[in-house]
Amino acid sequence: MKGNLLKFLVIFFVLIQFDSISEEKNYHKELIADWSRIFPDQNRNAGGPMFFKYIIDKEITYKDFKEFNKLYCAVSGSLIDPNAEPDFIYAKESKTGEKICGSYYKCCIPCSCDIMKYSEVEKMKHKFLDGLKEFYVFTIRNPCNKKDFPNRVNKNYFCDGENINDDQVYSLNDKLVIGLLHEGENCKKNDIDFVNSHQVTGRFCELRNNTPLENLKTGMGDIFIKLAR
Amino acid sequence: MKTELYNFFKKIIFLSVLIIPNIVNADFFEDITAKISDNPKRLSYGISVADIDQNGKYEFIVTGFGYPNLALSYENGKLINIANQNIFLDESRKTIGVAACDVDRDGYEEIYFLNTDTYSGTKKHSDRLIDLVESKFLDMFEIKKNKEDLNLTAGRSVACVDRKGDGKYGIYVSNYGGPTRFYEIENKKIKDKSVNLNLDKVTGGRAVVSGHILTDRSDIFAANERGANFLLKNNNGVFEDLAFNYRVDDVIQNGRGTALSDILYRGRLDIISGNWQGYHRAYVLKDNQFKDIGNSKFDKPSRIRTIISADFDNDGYDEVFMNNIAEPNKLFKIRENGKFEEIKLETGLEADGYGTGAAVADIDNDGILELLVSRGESKEQPLTLYKAKIDKQTKYLRIKPINKFGAPARGATVTLLSNQRKHSKTIDSGSGYLCQMEPVAHYGIRKNEKDFRVEVKWTNGSKDIIKINSLNQTIIVNQK
């Protein structure tokens, strides 16, 4: 009895002491502190690729990689609140044409629609501090040869002439990587049904995706779409 | 059996001793607001500590926003307003920022009152630079020859900068929605030198500190809103912004209260900078970059205004007082290795206080700092005054550097050297938000501490070392 009480007290005290000295990494704070390094001219419009490149270049674990990638919007380039919840979505895999389901952290509801319609996913491998990992990333086609490249996006971030600028952004099979699809895997039928019937990814996106480009006022408006279509 | 029980309780007591410091904090402050005579509700902002009547004693100078500016002097156990001349009181103007320094090299400090009657951009009334001449206050900006360069831009904080290290102070004016200004007397005339010194940038200026941050001269750190912070390296009296290079630009945060503090007790000044509803920073210099080492309790976003780094309880470790507006204040103790340990406040919490500024001084000359908090902005509130509840047996040492003109050497750095630490403090040139502390380095003394020496690094980078033979005194160090 006395021994158990003592053990309990020891564990209790150790846990409290540990709590007082342990310090979780603050990914959000780190992105804010490095904002001017991610966006040297402060223009973060459609800046998902800049965030992705900044993160993939870090010497971090896979967990860190995933956590960082929850904190920006691949469509708009906005920072996302650390407590934000993702949308469950699907996107087409470039290689197979199959639907890949997963979680997408967004800054606004229309971004979920835009990423499903205008991006594709690719499987990517990368060696982190804790080993080689495989995951799905959102990509868009090389936008650098577009005649209507949106003027509110800093083309110099992404492009070196008509090529993707690999010094500043990450490309995969000549596609521009704009963000991470979290927990991506081949969709099951009920996953697709869930997305299609969801009030945002289903009904709202159907409405948005059938709206002419010139009438889009919400989300990033037409900036990302012009870049990605 | 008896022995077993004894051993058991001995273990419990040992574990309790380990844990108690983390979960129990006796009330840190004592509320001594009653010492302020005539303390009506008002809109107060910045506070400075200076000797306004040239009698060798410091006063708290409290600005009023459509209320009179005050000069609170400690007399017969009370803080009494001794300002009575209209040019000082200036009730018709809206004063928020204040700093004092000797701009004319007469050995006495002039007082810069920053007035702001609009949030941003052009304002109606200019600032004042108050000088005491034959017992009468006059505004140097009202002299005809000084009217060319009036500051007619909304602003916030001001700080004094001896940029050439020659005892000739200039005033950095942190403007909002217009260019920063830097006033100096040149050919007996007040001139804005900001263009020549690379300081005339337009930003949302909020807070400014100056001292030995990067060089042996007075550098400047300015915390800004809606734009990057400035870290202005002093290159022979001209400034170069290196905030990006040193990673303190914090471009998407909105700067507020800022202070220089020797966070690692290593004999150099680092930067504490609060961000309005953003992460508060504890920047320490390492390998030519500042690293933010604030822990999650310290950096937690709040409605921050003033930040003060000072040893309130004379234990030899600095506290950081974080004055929030319409949100509870916070207090941290900086332990070794830059560990911020929260001290739970009861007195001084001011959960419903509209804190707008605060300053420290040992105004009653008893070796313990007083903390005066000003309040207002969107609700008239009286001033509040606190003092740490401490064991009277604690010891202290106060160092007051005086420059070669006989004025407080604001921007100088004092370092206490002992068997336990190398602890630097700035002689405050302007800090917190809108405020300025007393021009004295105040040290509490640690347990078993001995072998005291003090190094004073003057604004020209030269150093003097003084051996300390006895404690519990204020030592005046004169620049040779």
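Residues numbered from 1 in each chain as written. Chains lettered and ligands numbered in written order. Predicted model: local features only at pLDDT ≥ 70, side-chain atom pairs only at ≥ 80, totals over all residues.

## Observations regarding the overall build of chain A
Part 1: Broken down by element type, chain A carries 10 helices and 8 strands.
Part 2: Looking at chain A residue by residue over its 229 residues, the buried ones come to 34%.
Part 3: Of the contacts formed within chain A by residues at least 6 apart in sequence, a portion of 69% connects residues at least 24 apart. (Helix = DSSP H or I, 4+ residues; strand = E, 2+ residues; numbered from the N terminus. Buried ≥ 20, exposed ≤ 12 C-beta atoms within 10 Å, placed from the backbone. Contact = placed C-beta atoms within 7 Å.)

## A few points about the nonpolar core
Part 1: In this structure, Phe60, Val98, Ile171 and Ala359 of chain B are the most contacted members of the largest nonpolar core, which totals 108 residues.
Part 2: No other element matches strand S6 (residues 95–101) of chain B, which puts 5 residues into this core.
Part 3: In this structure Ala359 of chain B touches Ile47, Ser48, Val49, Phe60, Leu372, Cys435, Gln436 and Met437 of chain B, once residues within four positions along its chain are discounted.
Part 4: Counting 52 residues, the second-largest nonpolar core is a separate cluster that includes Val75, Cys111, Tyr170 and Val195 of chain A. (Core = buried A, V, L, I, M, F, W, Y, C linked by C-beta atoms within 7 Å.)

## Structural notes on the confidence of the model for chain B
Residues and elements named next belong to chain B.
Part 1: Looking at chain B as a whole, the pLDDT averages 95, with 95% of positions reaching at least 70.
Part 2: Of the regions scoring below 50 in pLDDT, residues 17–24 engages in 7 contacts with residues more than four places distant in sequence or in other chains.
Part 3: Scored as a whole, the predicted complex attains pTM 0.91, and scored at its interfaces, ipTM 0.85. (pLDDT = per-residue confidence, 0-100.)

## A few points about the sheet that holds strand S33 (residues 453–457) of chain B
All names here are of chain B.
Part 1: The antiparallel open sheet is built from 4 strands, whose spatial order is S31-S30-S33-S34. Edge positions in the sheet fall to strand S31 (422–426) and strand S34 (463–467), since each has one partner strand and no second. Averaged over all adjacent pairs, the angle separating strand axes in this sheet is 20°, with direction ignored.
Part 2: One ladder, built from 5 bridges, connects strand S30 (residues 413–417) with S31; its direction is antiparallel. Paired with Thr413 across the two strands is Thr426, which belongs to S31. (Pairing = 2+ DSSP bridges. Axes fitted to C-alpha atoms, helices over the stretch in contact; angles between N-to-C directions.)

## Points about the environment of Phe452 of chain B
Residue and element names in this part refer to chain B.
Part 1: Summarising the element assignment, Phe452 is placed in the loop between strand S32 (441–444) and S33.
Part 2: Note on Phe452: 19 C-beta atoms within 10 Å, which makes it partly exposed.
Part 3: In this structure the C-alpha to C-alpha distance between Phe452 and Lys467, which are 15 residues apart in sequence, comes to 6.5 Å.
Part 4: In contact with Phe452, not counting residues within four places along its chain, are Leu397, Leu416, Ser418 and Ile468.

## Comments concerning the sheet that holds strand S19 (residues 270–275) of chain B
All names here are of chain B.
Part 1: Ordered by their spatial adjacency, 4 strands build an open sheet running S18-S19-S20-S21, and the pairing between neighbours is antiparallel. The outermost strands of the open sheet, each flanked by one partner alone, are strand S18 (255–261) and strand S21 (289–292). For this sheet the average axis-to-axis angle between neighbouring strands, irrespective of direction, equals 30°.

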